[in-house]
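Residue strings, one per chain:
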Amino acid sequence: MATTKGIQASAQSTGGDWRAPGDARPTEVPEWVRQLVWWMDSAFSVPGTKVRIGLDPILGLLLPGLGDVLGAIPSLLLLSLASRQRVPIVVLARMVLNIAMDSAIGAIPILGDVFDGTFHANQRNLELLDRHAGAARPARVRDYLVVASAILLAAACIVLPVVLVVVLVKALAGG
């Protein structure tokens, strides 16, 4: 009890609000999240190059399938943090698209691991979180364009095969 009052008094004397140890301000990204992103996306440099990779592509290469699942966990933690920090919904959608691209392309053997090593979805999402946490800056037109483009691309990927099958069936049926 006395310790808690001492901590509160100390925080108030420094002009800050009292928070439990380890609690970040609502718009701050905790240091452990930054460290996790660093480990997953850029912890190691490729000798002889300026390229940096993290554990994400290494896990994907060494543990096919399981490595991609393990690599998605930090991405989802970052997305959860962004949601709690009231990041605009369109920015959350961009973050989901980054995770989806990283997971979908990353699941392709070898090529996906190279993609994971260069795309750095967690770093991209951390930058979005830094820019938009606590609604410090509203979503930009670019955020809406990226999300709209992804929706159109997804719709095309669904509609195009159906149209091609219909055309093929008509052609085979002689109609």
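Please refer to the structure placed before this passage.
What you are looking at is a predicted structure, and each value in this text was computed from that prediction instead of being measured.

What counts, and where the lines are drawn
- Residues numbered from 1 in each chain as written.
- Predicted model: local features only at pLDDT ≥ 70, side-chain atom pairs only at ≥ 80, totals over all residues.
- Heavy atoms only, no water.
- Helix = DSSP H or I, 4+ residues; strand = E, 2+ residues; numbered from the N terminus.
- Buried < 20%, exposed > 50% of the residue type's maximum accessible area, 1.4 Å probe, protein only.
- Contact = heavy atoms within 4.5 Å.
- Areas by Shrake-Rupley, 256 points an atom, 1.4 Å probe, with all protein chains shown as cover.
- 1 Å grid on protein atoms, 1.4 Å probe; cavity = no way out; pocket = protein on both sides within 12 Å on 5 of 7 lines; lining within 4 Å.
- Points joined across faces, edges and corners; volume = space filled by probe spheres on them.
- Nonpolar A, V, L, I, M, F, W, Y, C, P; charged D, E, K, R; others polar.
- Salt bridge = Lys/Arg side-chain N within 4 Å of Asp/Glu carboxyl O.
- Arc of directions from axis to C-beta.
- Core = buried A, V, L, I, M, F, W, Y, C linked by side-chain atoms within 4.5 Å.

Participant: Describe the overall build of the chain, and please don't skip the residues or the numbers.
Facilitator: When its secondary structure is counted, the chain shows eight helices and two strands. The order of α-helices and β-strands along the chain, N terminus first, is α-α-β-β-α-α-α-α-α-α. Looking at the chain as a whole, 31% of its 175 residues are labelled buried. Considering only residue pairs separated by 6 or more positions, the chain has 56% of its internal contacts joining residues 24 or more positions apart. In the structure as shown, the chain presents an accessible area of about 11100 Å², 70% of it carried by carbon and sulfur atoms.

Participant: Please set out empty space enclosed by the protein residue by residue, giving values where relevant.
Facilitator: According to the stated counting rule, one finds one cavity of 30 Å³ or more in the structure shown. If you add up the space inside the largest cavity, you get close to 60 Å³. In terms of lining, the largest cavity is formed by Asp56, Asp68, Gly71, Ala72, Ser75, Ile99, Asp102, Ser103, Gly106 and Asp116. Listing elements by their share of the lining of the largest cavity, those giving two or more residues are α4 (66-84) and α5 (89-106). Split by residue class, the lining of the largest cavity holds two nonpolar, four polar and four charged.

Participant: If you had to explain the pattern of salt bridges to someone new, which residues and values would you point to?
Facilitator: In a structure, side chains of opposite charge can pair up when their charged atoms sit close to one another. Counted under the stated rule, the structure contains one salt bridge. Arg34 serves as the salt-bridge partner of Asp130, at 2.7 Å between the closest nitrogen and oxygen. Pair noted here: Asp130 is in helix α7 (residues 121-132) and Arg34 is in helix α2 (residues 31-41), with a separation of 96 residues, a long-range link. Given a relative accessible area of 29%, Arg34 falls into the partly exposed group.

Participant: How would you explain helix α6 (residues 111-119) if you had to name every residue and give the values?
Facilitator: Because each turn of an α-helix spans 3.6 residues, side chains separated by three or four positions end up pointing in the same direction. Among all positions of α6, only Gly112, Asp113, Phe115, Asp116, Gly117 and Phe119 are buried. Next to the buried residues of α6 lie β2 (52-53), α3 (55-62), α4, α5 and α7. Looking one or two residues beyond α6, the residue adopting positive phi is His120, at roughly 55 degrees.

Participant: Any chance you could break down α3 for me, citing the residues and the numbers?
Facilitator: When we look at burial in α3, the residues that qualify are Asp56, Pro57 and Gly60. Considered in projection along α3, the buried side chains sweep an arc of 90 degrees and stay on one side of the axis. Next to the buried residues of α3 lie α2, β2, α4, α5 and α6.

Participant: So, the nonpolar core: which residues are in play, and what are the values?
Facilitator: General note: in soluble globular proteins, nonpolar side chains tend to be found buried as a group. In this structure, Leu78, Met95 and Leu129 are the most contacted members of the largest nonpolar core, which totals 19 residues. Of all the secondary structure elements, the ones that give two or more residues to this core are α2, α4, α5 and α7. Among the elements that take part in this core, α5 stands out by supplying five residues, more than any other. Residues contacting Met95, with those up to four places away along its chain left out, are Leu78, Leu79, Ala82, Asn125 and Leu128.

Participant: Could you give an account of the layout of surface pockets, with specific residues and numbers?
Facilitator: Taken as a whole, the largest pocket holds about 350 Å³ of empty space. What lines the largest pocket is a set of 16 residues, among which Arg94, Asn98, Phe119, Arg124 and Val146 lie closest to the centre. Those elements giving two or more residues to the lining of the largest pocket turn out to be α5, α7 and α8 (141-173). Of the residues belonging to the lining of the largest pocket, the class tally is nine nonpolar, one polar and six charged.

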